[in-house]
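# Geometric and topological summary
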Number of protein chains: 2
Amino acid sequence: MAATGAGSERDGERAKARILDSAEELFYARGVQAVGMDAVRSAAGVSLKRLYQLFPAKERLVEEFLRRRDHAWRDALVRYADARPTPRARLLAVFDWLYQWFAEPDFRGCVFINCFGELGGTSQPVAKAARDHKEAVRAYLGELTTATGVAAPQQLASQLALLAEGAITTAALSGSADSAREGRVAAEVLLNAAGVREQGAAHCND
Amino acid sequence: MAATGAGSERDGERAKARILDSAEELFYARGVQAVGMDAVRSAAGVSLKRLYQLFPAKERLVEEFLRRRDHAWRDALVRYADARPTPRARLLAVFDWLYQWFAEPDFRGCVFINCFGELGGTSQPVAKAARDHKEAVRAYLGELTTATGVAAPQQLASQLALLAEGAITTAALSGSADSAREGRVAAEVLLNAAGVREQGAAHCND
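About the thresholds
- Residues numbered from 1 in each chain as written.
- Chains lettered and ligands numbered in written order.
- Predicted model: local features only at pLDDT ≥ 70, side-chain atom pairs only at ≥ 80, totals over all residues.
- Heavy atoms only, no water.
- Core = buried A, V, L, I, M, F, W, Y, C linked by side-chain atoms within 4.5 Å.
- Buried < 20%, exposed > 50% of the residue type's maximum accessible area, 1.4 Å probe, protein only.
- Contact = heavy atoms within 4.5 Å.
- Least-squares fit on C-alpha atoms with pLDDT ≥ 70 in both.
- Buried area = accessible area lost by both parts, 1.4 Å probe.
- Salt bridge = Lys/Arg side-chain N within 4 Å of Asp/Glu carboxyl O.
- Helix = DSSP H or I, 4+ residues; strand = E, 2+ residues; numbered from the N terminus.
- Nonpolar A, V, L, I, M, F, W, Y, C, P; charged D, E, K, R; others polar.
- UniProt positions renumbered as here; feature names shortened; annotations may be inferred.
- Polar contact = N/O pair within 3.5 Å; in protein donor to acceptor, adjacent residues only side chain to side chain.
- Phe/Tyr/Trp six-rings, centres within 6.5 Å; stacked < 30°, edge-to-face > 60°.
- Domains from an automatic or database assignment.
- Disulfide = S-S within 2.5 Å.
- Axes fitted to C-alpha atoms, helices over the stretch in contact; angles between N-to-C directions.
- Parallel < 35°, antiparallel > 145°, perpendicular 65-115°, else oblique.

Here we take up the nonpolar core. In terms of nonpolar packing, the biggest core is built from 134 residues, with Leu 98 and Phe 102 of chain A together with Leu 98 and Phe 102 of chain B touching the most fellow members. Among all residues touching Phe 102 of chain B, those that are not within four sequence positions of it are Phe 107, Ala 167, Ile 168, Ala 171, Ala 177, Ser 179 and Ala 180 of chain B.

Below you can see the structure in the form of structure tokens.
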């Protein structure tokens, strides 16, 4: 009995993961309200009964896929940026990572902004998931600017966050990845103005 | 007969304006797909038949209110910024204007970004209206940076556009107008770095 219970739990987890994968792909491509639960069911290959057992309301499904996406997105960003040797290089790597993301063929902007635009006015859980994601990204930039030893790290982090945020929206609407490069150049100017120079270049640039 | 025709035309224009006003308010507050044509009809005080005569499809209504909003939004911005004495002051005034907009009680972000996030994947006319709006704003910033006489005005305009864009999204999600102030401070740094100083301050800052 215990073994069967554990097996059912694993089955449940697998079904859940398949549903979240399908929901994420469909909602990101076409918007949340344009996609019915029956389309999610078909894409995930589960019964409608099973789908509603695991996600009693569509809003729960949206909230949960946003939470999962938040973790995956930030993990990928941090892994990419943290591989660079200095805080300055890590901050600029954020824009290199954005560039790669924007260039992906299925890129259609930030799913948190898209869901907030669509449901933020009517769903508190969706609005909160989007807000939490943006705050977590901003906090990561704050860690990196603090590590530079600059005098006003939170102000610098906010400015860099605006550039990154603007780059995401601009890339989505323009269909071009150029905004990541433009954001990177502007970020370099802000870092230089804050006194965060490349290592060994302080005297050359002064 | 001619007088009646002109009267009907005026009636049609008035009904159209009422419908667009109602659609804009409802869609902005709650998203497009959450609001049915019957809700627009009730808010505008017209018959459903009249509504569909004037806007045969909801997509047309969305496209038309976005086009109208684009003109009104940019007119207000340009009127505000152009009242300042110098190109530098006009560029910074953009962020002051954003601050006032963000502080409005019914502010819920950029309706073009919201509609793009919701319908950009499924409606070409909506995606194009959003893109055209952003390009027109970017072109205005390009005019202002060109007027500063700076060496690379389009690059500077793109950077300032990213800050403004990021400020809008951040204000919507955070529910705070602070991002306009942060964007303004960053814009000053970028203008200074590009050599666009306040009049009479060139020598003091060098």
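Next comes the rest of the account.
As a further point, take the relation of the copies chain B and chain A. Two chain copies, one operation linking them: a rotation about an axis together with a shift along it. For the pair chain B and chain A, the superposition axis carries a translation of 0.0 Å, the fit reaches an RMSD of 0.0 Å, and the rotation angle comes to 180°. In symmetry terms, the pair is related by a two-fold rotation axis. Rotation axis and chain B: the residue whose C-alpha lies nearest the axis is Gly 166 of chain B, separated from it by 1.9 Å. A high fraction, 100%, of the interface residues of chain B reappear at the interface in chain A, so the copies pair face to face through one surface.

Let us look at the interface of chain B and chain A. Accessible area lost on assembly of the parts is the figure often given for the size of an interface. With 38 residues of chain B in contact, the opposing surface of chain A contributes 38 residues. Summed over both sides, the interface between chain B and chain A buries roughly 3100 Å², with carbon and sulfur atoms accounting for 69% of that surface. It is Phe 116, Leu 162 and Leu 173 of chain B that lose the most area in chain B upon contact with chain A, and together they represent 22% of the buried surface on that side. In this assembly, chain B and chain A are joined by zero salt bridges. At the level of secondary structure, the elements contributing two or more residues to the side of chain B that touches chain A comprise α1 (2-30), α6 (111-119), α7 (124-147), α8 (153-174) and α9 (178-193) of chain B. Looking at the side of chain B that touches chain A, the element that brings in the most residues is α8 of chain B, giving 13 residues. Classifying every residue of the side of chain B that touches chain A by side-chain character gives 15 nonpolar, 16 polar and seven charged.

Turning our eyes to something else, we now look at the UniProt feature "domain: HTH tetR-type" (unreviewed entry) in chain A. The UniProt entry lists residues 13-73 of chain A under the feature "domain: HTH tetR-type" (unreviewed entry), expressed in the numbering used here. Here residues 13-73 of chain A runs as 80% helix and 0% strand, with 21 Å between its end C-alpha atoms.

As a further point, take the side chain of Ser 123 of chain A. Here Ser 123 of chain A is to be found in the loop between α6 (111-119) and α7 (124-147). At 2.5 Å, the side chain of Ser 123 of chain A forms a polar contact with the side chain of Glu 59 of chain A.

Glancing now at the environment of Gly 117 of chain B. Looking at the secondary structure, you find Gly 117 of chain B in helix α6. The sequence separation of Gly 117 of chain B and Lys 128 of chain B amounts to 11 residues, and the corresponding C-alpha distance is 13 Å. Look past the residues within four positions of Gly 117 of chain B in its chain and what remains in contact with it is Arg 108 and Asn 114 of chain A.

Okay, the UniProt feature "DNA-binding region" (unreviewed entry) in chain A next. Under the present numbering, the feature "DNA-binding region" (unreviewed entry) in UniProt falls on residues 36-55 of chain A. The span residues 36-55 of chain A carries 75% helix and 0% strand; its end-to-end C-alpha distance comes to 13 Å.

The next subject is the packing of aromatic side chains. Residue and element names in this part refer to chain B. By the definition in use, this model includes 14 aromatic pairs over all chains. With a centroid separation of 5.5 Å and an interplanar angle of 80°, the aromatic rings of Trp 73 and Trp 101 are classed as edge-to-face. A residue pair is termed long-range when its members are at least 10 positions apart, and Trp 73 in helix α4 (residues 58-82) and Trp 101 in helix α5 (residues 87-102) qualify at 28 residues. Trp 101 matches Trp 73 in its accessibility class, with the two residues each being buried.

On to the domain arrangement of chain A. Residues and elements named next belong to chain A. With domains assigned, chain A is organised as domain 1 (1-56) and domain 2 (59-205). For domain 1 and domain 2, the distance between their C-alpha centroids amounts to 30 Å. Every contact between the two is made by 18 residues of domain 1 and, on the other side, 17 residues of domain 2. Summed over both partners, the interface of domain 1 with domain 2 comes to about 1500 Å²; 62% of that surface belongs to carbon and sulfur atoms. Contact with domain 2 buries surface across domain 1, with Leu 20, Glu 24 and Tyr 28 losing the most and accounting together for 47% of the total. There are four salt bridges connecting domain 1 and domain 2. In this structure, Arg 68 engages Asp 21 in a salt bridge whose closest nitrogen and oxygen atoms are separated by 2.9 Å. Counting across the domain 1 and domain 2 interface gives nine residue pairs in polar contact (both at pLDDT 80 or more). Elements that contribute at least two residues to the side of domain 1 that touches domain 2 include exactly α1 (2-30) and α2 (37-44). The element contributing the most residues to the side of domain 1 that touches domain 2 is α1, with 11 residues. The residue inventory of the side of domain 1 that touches domain 2, partitioned by class, reads 12 nonpolar, two polar and four charged.

To continue, consider the state of the cysteines. Residue and element names in this part refer to chain A. Within the structure shown, the criterion is met by zero disulfides over all chains. Free cysteine Cys 115: the closest other cysteine sulfur is in Cys 110, separated by 8.8 Å. Classification of Cys 115 by relative accessible area gives buried; the value is 4%.

A word on the packing of helix α9 (residues 178-193) of chain A against α9 of chain B. At a closest axis distance of 10 Å, the pairing of α9 of chain A and α9 of chain B adopts a crossing angle of 90°. Our classification of the angle between α9 of chain A and α9 of chain B gives roughly perpendicular. Across the interface between the two elements, Ala 186, Val 189, Leu 190 and Ala 193 of chain A of α9 of chain A pack against Ala 186, Val 189, Leu 190 and Ala 193 of chain B of α9 of chain B.

Turning our attention to α6 of chain B. For α6 of chain B, a buried count of nine out of nine residues is recorded, marking the element as mostly surrounded by other parts of the structure. Val 111, Phe 112, Ile 113, Asn 114, Cys 115, Phe 116, Gly 117, Glu 118 and Leu 119 of chain B are the residues of α6 of chain B that are buried.

Before going further, it helps to examine the side chain of Arg 88 of chain A. Residue and element names in this part refer to chain A. Within the secondary structure layout, Arg 88 lies in helix α5 (residues 87-102). One polar contact links the side chain of Arg 88 to the main-chain carbonyl oxygen of Val 196, over a distance of 2.6 Å. Excluding residues within four positions of it along the chain, Arg 88 makes contact with Thr 148, Glu 188, Leu 191, Asn 192, Val 196, Arg 197 and Glu 198.

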